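# An overview of the molecular structure
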Amino acid sequence: TTIRPWWMFFRLQLMTPLFVESLLLAVCGGIGALFVAAWSNDLISRFLVIGDEPGFAISIDSTVLTFAVASTLLSGLAFGLAPAWIAGRSTAAEALKEGARSSTGSPSHERLKRSLIVAELAIALTLVAVAATFGVAARSFVRRDVGWNLDNLFTGSLALPYTPYGDNARANEFYRQLLPKLAAIPGVEQAVICKSLPMFALGSTMPVAVEGQPLEEVTGRPTAQVGTVSADYFKALGIPLKAGAFFSPDLKADDPAVAIVGETFARRMWPDQSAIGRRVRIGDSDQWIEIVGVVGDVGMLTRFTALDTPLQLYRPVAQNISRYMSVVLHTSVVPESVTKSVRESIASIDPDLPLSQSGSLRALYERNLTNLNLVITNLAISAGMGLLIAAVGLFGVISQ
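A few points on the structure. Just so it is clear, the model here is predicted, and its values are computed rather than measured.

With that out of the way, let us pick up the nonpolar core. Of all hydrophobic cores here, the largest spans 32 residues; its most connected members are Trp 148, Tyr 233, Phe 234, Leu 237 and Tyr 314. Elements that contribute at least two residues to this core include exactly helix H4 (107–142), strand S4 (188–194), helix H7 (233–237), strand S8 (258–262), helix H10 (361–368) and helix H11 (370–399). Counting residues per element, this core draws most heavily on H7, which supplies four residues. For Phe 234, the contacting residues outside a window of four places in its chain are Val 229, Ile 239, Phe 246, Phe 247, Ile 260, Val 295 and Tyr 314. Among the nonpolar cores identified, the runner-up in size contains 23 residues, and Leu 158, Phe 174, Ala 191 and Val 327 belong to it.

With that settled, consider helix H6 (residues 168–183). Between its first and last C-alpha, H6 extends 23 Å over 16 residues, near the 22 Å set by a 1.5 Å rise per residue. Considered for burial, the residues of H6 that qualify are Ala 171, Asn 172, Phe 174, Tyr 175, Leu 178 and Leu 182. Around the axis of H6, the buried residues are gathered within 155° of arc, so they sit on the same side.

The next subject is the environment of Ile 276. Within the element layout of this structure, Ile 276 appears in the loop between helix H8 (263–269) and strand S9 (279–282). Taking the C-alpha atoms as reference points, Ile 276 and Ala 266, separated by ten residues in sequence, lie 9.0 Å from one another. If sequence neighbours within four positions are ignored, Ile 276 has contacts with Ala 243, Gly 244, Ile 291, Val 292, Gly 293 and Val 294.

The next subject is the packing of H6 against helix H9 (residues 339–347). Where H6 contacts H9, the axes come no closer than 9 Å and their chain directions differ by 145°. Our pair here, H6 against H9, has a crossing hand that is right-handed. Within the contact between the two elements, H6 uses Phe 174, Leu 178, Lys 181 and Leu 182 and H9 uses Val 342, Ser 345 and Ile 346.

Attention now moves to the pairing of S9. Direction of pairing for strand S5 (residues 204–210) relative to S9: antiparallel, over a ladder of three bridges. Across the sheet, residue Ala 209 finds its bridge partner in S9, namely Arg 281. When S9 meets strand S10 (residues 289–295), the two strands line up antiparallel, connected through two bridges. Residue pairing across strands places Arg 279 opposite Glu 290, the latter belonging to S10. Where S9 folds back on S10, the antiparallel hairpin that results is connected by six residues, among which Gly 283 adopts a positive phi of roughly 65°.

The rules behind these values
Counting of residues starts from 1 at the beginning of each chain's written sequence and follows it residue by residue. Only residues with pLDDT of 70 or above have their local features reported here, since the model is predicted, and side-chain atom pairs are shown and tallied only from 80 upward, although totals for entire chains, interfaces and linings are computed over all residues. Only hydrogens and water are removed before side-chain values are computed, so all heavy atoms of the structure are retained for them. Definition used in this section: a nonpolar core is a set of buried Ala, Val, Leu, Ile, Met, Phe, Trp, Tyr and Cys residues joined via side-chain atoms within 4.5 Å. For each residue, the accessible area found with a 1.4 Å probe, counting protein chains only, is set against the maximum for its type, and the residue is called buried under 20%, exposed over 50%, and partly exposed in between. Secondary structure elements follow DSSP: runs of H or I of four or more residues count as helices, runs of E of two or more count as strands, with numbering from the N terminus. Two residues form a contact once any of their heavy atoms are found within 4.5 Å. One fewer than the residue count of a helix, multiplied by 1.5 Å, yields its expected span. Think of it as the arc spanned by the lines of direction from the helix axis to the C-beta atoms. The axes are straight lines fitted to the C-alpha atoms, using for helices just the contacting stretch, and the angles between their N-to-C directions are given from 0 to 180°. Definitions for this section: a left-handed crossing has its near helix turned counterclockwise from the far helix by less than a right angle. A right-handed crossing has that turn clockwise. Strand pairing is assigned whenever DSSP detects at least two bridges linking the two strands.

This is how it looks when you write it as structure tokens:
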């Protein structure tokens, strides 16, 4: 039987308390972190917005607990074994001689400490830089020019029930009666009915065929976002007219089909030519639609990803009826102040029809940015904590 040298027991006696101490500190830190996580989750959940409604419970489930336990044990092992191994790899005599030569530790020990603090500072500064870059980029995204103005706009959503509005003529008559009532509200400058505001998408994406160009299968045609708007839509949103004219407020369902296109649409389909008077077909319809105007392209206010297509086309409400529409009012007063009058105007035509998600478009937009602001704040806090921990580590090394 091989007899183990006496200094092996010295190493074991030296490494064991160091390892236990590190593991104990890691466990205490892990338990404390769970309390902090529970508190921060409760705080964040109050501001998190899901489906336009604030408040969303964030629980610490078994997956989070498993990760916390694993990371705690791994931290205890990694940061406990390393110094214990360094301290225990030499004999007592060597350690005493090393201590006599220098009170700051052996060269290898010093190199390890310096390497760790450099790595810690580098990671912390990288996290700070990423947080700052993300924050600046997000703010630039929010403040970018989207080609339309959302200030002084009131908006609300209408969903006409199938009975009695399943017939397009009935729905069209409802909108025809509603628009002048909305326009007559004190403080309202333009009253608009539209399918969708350019927040995330302008409308449905549909294939387009251009008259005079080779007719391809529907799947091979270029696609365009197709919006449905009333006559004052472009004036209310401040979208500039580049050529032609806006829709006439007197358009009827049986009038010749017309459309307005964006600048990119006009340039791509008719380069170096006027788009006014040209005709297109949408989807699998055989109906030709005449272009009567060209307007500036608009950007989607809350969309972070690229659009499916940059081509934009607008149809008048009277010729592209839908039971799900938005009311938009450009006002000279505080947008929220007209809410009661809008509801009364709708009730004067149909008392059973509710107006949902109503209020200032600016307030709605800022509410949609709540989650983005939470991400920026959390990233900044994490970066600050990382930098603080690195600074404490550096202070400890210098002090020692």
